[in-house]
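Here are the chains, one letter per residue:
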Amino acid sequence: FRIGSGYDVHRLAEGEDLWLCGVMIDHDMGLAGHSDADVAIHALVDALLGAIGAGDIGQHFPPSDPQWSGTASDRFLAQAVKLVGEAGYRIGNVDLTIICEAPKIGPHREAMRQRLSELLAVDIGAVSVKATTTEKLGYTGRGEGIAAQAMACLVQY
Amino acid sequence: FRIGSGYDVHRLAEGEDLWLCGVMIDHDMGLAGHSDADVAIHALVDALLGAIGAGDIGQHFPPSDPQWSGTASDRFLAQAVKLVGEAGYRIGNVDLTIICEAPKIGPHREAMRQRLSELLAVDIGAVSVKATTTEKLGYTGRGEGIAAQAMACLVQY
Amino acid sequence: FRIGSGYDVHRLAEGEDLWLCGVMIDHDMGLAGHSDADVAIHALVDALLGAIGAGDIGQHFPPSDPQWSGTASDRFLAQAVKLVGEAGYRIGNVDLTIICEAPKIGPHREAMRQRLSELLAVDIGAVSVKATTTEKLGYTGRGEGIAAQAMACLVQY
Ligand SMILES: [Mg+2]
Ligand SMILES: [Mg+2]
Ligand SMILES: [Mg+2]
């Protein structure tokens, strides 16, 4: 068994799309940054890479590299899944926590789990998406950004 | 095996009781919010639910639902433990981190572990309660709130 | 199996050395606090102690105890590793995330993994060091401090 965790933060900004867990969400603000700035997938990529000791998302997909500008984070996740397999592991389960005041994640939870289960090629029962707020405290509480943490449990083939 | 993580934050306020890990602590401030606002138990509930892909505490016990107003968070934990069993898992170990400048957690650690081991129906050796500060940085550092993170490792029956 | 997580924060200050993962890094600021303030090793010590339910770094090495003033955090990690063995476990893998705007962690990643693998007496493939920023948000984003989180997966002998 191997475990890994990932953490990421992106800024909320007007005029950006909001992608979370590979799902586009209708909201008055979106996330700025690297690629489509899907902070949840970025955290998950880091959890997978961390579990196999294969660096981090910034090493594999440098924000400074123009080829990743605006790209769907699905591509990063596909690459991490590939590396997990090549290292001799399969995904046991993953657990994500999205930390923000808004939008509400609950209405999108099942779509997110479904999308991630497709991208990870695992049963939806092995994919968890949770949300919490920081009770208006800090940058997530003030709506300046969204944070995400992810856990991955890998099982040796 | 399954792993899950949880994260929660509640505000410190005067005139509130301070519950952490099911133990009432004598302190000049307490936590405000949903139920008894036991931020550590809330994080643990989310870790258990996350490990089995069963949503999150906000889905099971919406803060907006008056039936949970002021309720002991023990009830949320009991329900999460029940769902873990129904999913075919038992608790391997849990590990909590309480993030605050005050109160000191050390003097209450053993009472907290004891209480959680009862609520989880596991040996106290499988229950960890840790604390850290953020060196006066951020909202936890300024004493505006307490954050907690929890990890759970589940074993298939 | 046992899992544990650790989290720690230290302040950046001028005139301090910067130690991360047991490696001294050339940077214009360093971390202040307990011992050499190696926030990444502190988080890792807590992950190991958490996995075996053996308290936390503050209990074993109180910041108030002058014997730990300025000491290398390697000593804390060595003691945690010893306790893990005494509890009947060996380290499966560890995964660290360093959260800061600067310095860049990538150029030091392999030296950090190498150093940690020596201190933990595990293969370098079982040691992950990752980094992320908070996109200039919060105290890590403003460069006031560095945060670290660590995960540990232990296997019974
Ligand atoms: Mg990112
Ligand atoms: Mg709560
Ligand atoms: Mg420390």
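Just so it is clear, the model here is predicted, and its values are computed rather than measured. (Residues numbered from 1 in each chain as written. Chains lettered and ligands numbered in written order. Predicted model: local features only at pLDDT ≥ 70, side-chain atom pairs only at ≥ 80, totals over all residues. Heavy atoms only, no water.)

Draft legend 1. Here's a closer look at the coordination of the magnesium ion (ligand 3). All names here are of chain C. Within the protein, the atoms that donate to the magnesium ion (ligand 3) are Asp8 (OD), His10 (NE2) and His42 (ND1), at distances of 2.1 to 2.3 Å. Positions of the donor residues of the magnesium ion (ligand 3), expressed as sequence spacing, correspond to D-x1-H-x31-H. Among the residues examined, Asp8 registers a relative accessible area of 8% and is labelled buried. Given a relative accessible area of 2%, His10 falls into the buried group. (Donors = N, O, S within 2.8 Å, 3.2 Å for Na, K, Ca; no water. Buried < 20%, exposed > 50% of the residue type's maximum accessible area, 1.4 Å probe, protein only.)

Draft legend 2. Geometry of the interface of chain A and chain C. The interface is formed by 24 residues belonging to chain A together with 26 residues belonging to chain C. For the chain A face of the interface with chain C, the top three residues by lost area are Ile3, Tyr7 and Arg11 of chain A, together amounting to 29%. The tally of links between chain A and chain C comes to 1 salt bridge. The partner of Arg109 of chain C in a salt bridge is Asp56 of chain A, with the nearest N and O atoms 3.2 Å apart. Inspection of the chain A/chain C interface yields 12 residue pairs in polar contact (both at pLDDT 80 or more). (Contact = heavy atoms within 4.5 Å. Buried area = accessible area lost by both parts, 1.4 Å probe. Salt bridge = Lys/Arg side-chain N within 4 Å of Asp/Glu carboxyl O. Polar contact = N/O pair within 3.5 Å; in protein donor to acceptor, adjacent residues only side chain to side chain.)

Draft legend 3. Just the sheet that holds strand β6 (residues 127–132) of chain B, in detail. All names here are of chain B. Pairing is mixed in the open sheet, where 5 strands are placed in the order β4-β1-β7-β5-β6. At either end of the open sheet lies a strand with only one pairing partner, and these are β4 (30–32) and β6. Across the sheet, the axes of successive neighbouring strands diverge by a mean angle of 30°, strand direction being ignored. Two strands pair when backbone bridges link them, and strand β1 (residues 2–13) and strand β7 (residues 145–156) are joined in this way by 10 bridges, in the antiparallel orientation. Along β7, the bridge assignment pairs Tyr7 with Gln149. (Pairing = 2+ DSSP bridges. Helix = DSSP H or I, 4+ residues; strand = E, 2+ residues; numbered from the N terminus. Axes fitted to C-alpha atoms, helices over the stretch in contact; angles between N-to-C directions.)

Draft legend 4. Local environment of the relation of the copies chain B and chain A. The transformation that overlays chain B on chain A combines an axial shift of 0.0 Å with a rotation of 120°, and the residual RMSD is 0.0 Å. Taken together, these values place the two copies in the relation of a three-fold axis. Scanning chain B for the C-alpha nearest the rotation axis identifies Gly138 of chain B, at a separation of 4.0 Å. Counting the interface residues of chain B, we find that no more than 17% of their copies in chain A are interface residues as well, pointing to two distinct contact surfaces. (Least-squares fit on C-alpha atoms with pLDDT ≥ 70 in both.)

Draft legend 5. Local environment of the packing of helix α1 (residues 39–51) of chain C against helix α4 (residues 109–120) of chain C. All names here are of chain C. One way to put it is that α1 packs onto α4 with a least axis distance of 13 Å and a crossing angle of 35°. Relative to α4, α1 is oriented so that their crossing is right-handed. Residues Ile41, Leu44 and Leu48 of α1 form the contact with α4, whose own contacting residues are Leu116, Leu119 and Leu120. (Left-handed = near helix turned anticlockwise from the far one by under 90°.)

Draft legend 6. Broad picture of the packing of aromatic side chains. By the definition in use, this model includes 12 aromatic pairs over all chains. One aromatic cluster is present, built from ring pairs that chain together Phe1 of chain A, Phe1 of chain B together with Phe1 of chain C. (Phe/Tyr/Trp six-rings, centres within 6.5 Å; stacked < 30°, edge-to-face > 60°.)

Draft legend 7. The arrangement of the interface of chain B and chain A in detail. Taken together, the contact between chain B and chain A spans 24 residues of the former and 26 residues of the latter. Together chain B and chain A conceal approximately 2,000 Å² of surface at their shared face, both sides included; 55% is due to carbon and sulfur atoms. Taken as a group, Ile3, Tyr7 and Arg11 of chain B account for 28% of the area that chain B buries against chain A, more than any other trio of residues on that side. The tally of links from chain B across to chain A stands at 1 salt bridge. If you list the elements that add at least two residues to the side of chain B that touches chain A, you get β1, α1 (39–51) and β7 of chain B. If one sorts the elements of the side of chain B that touches chain A by residue count, β1 of chain B sits on top with 10 residues. Looking at the side of chain B that touches chain A residue by residue, the classes come out as 8 nonpolar, 10 polar and 6 charged. (Nonpolar A, V, L, I, M, F, W, Y, C, P; charged D, E, K, R; others polar.)

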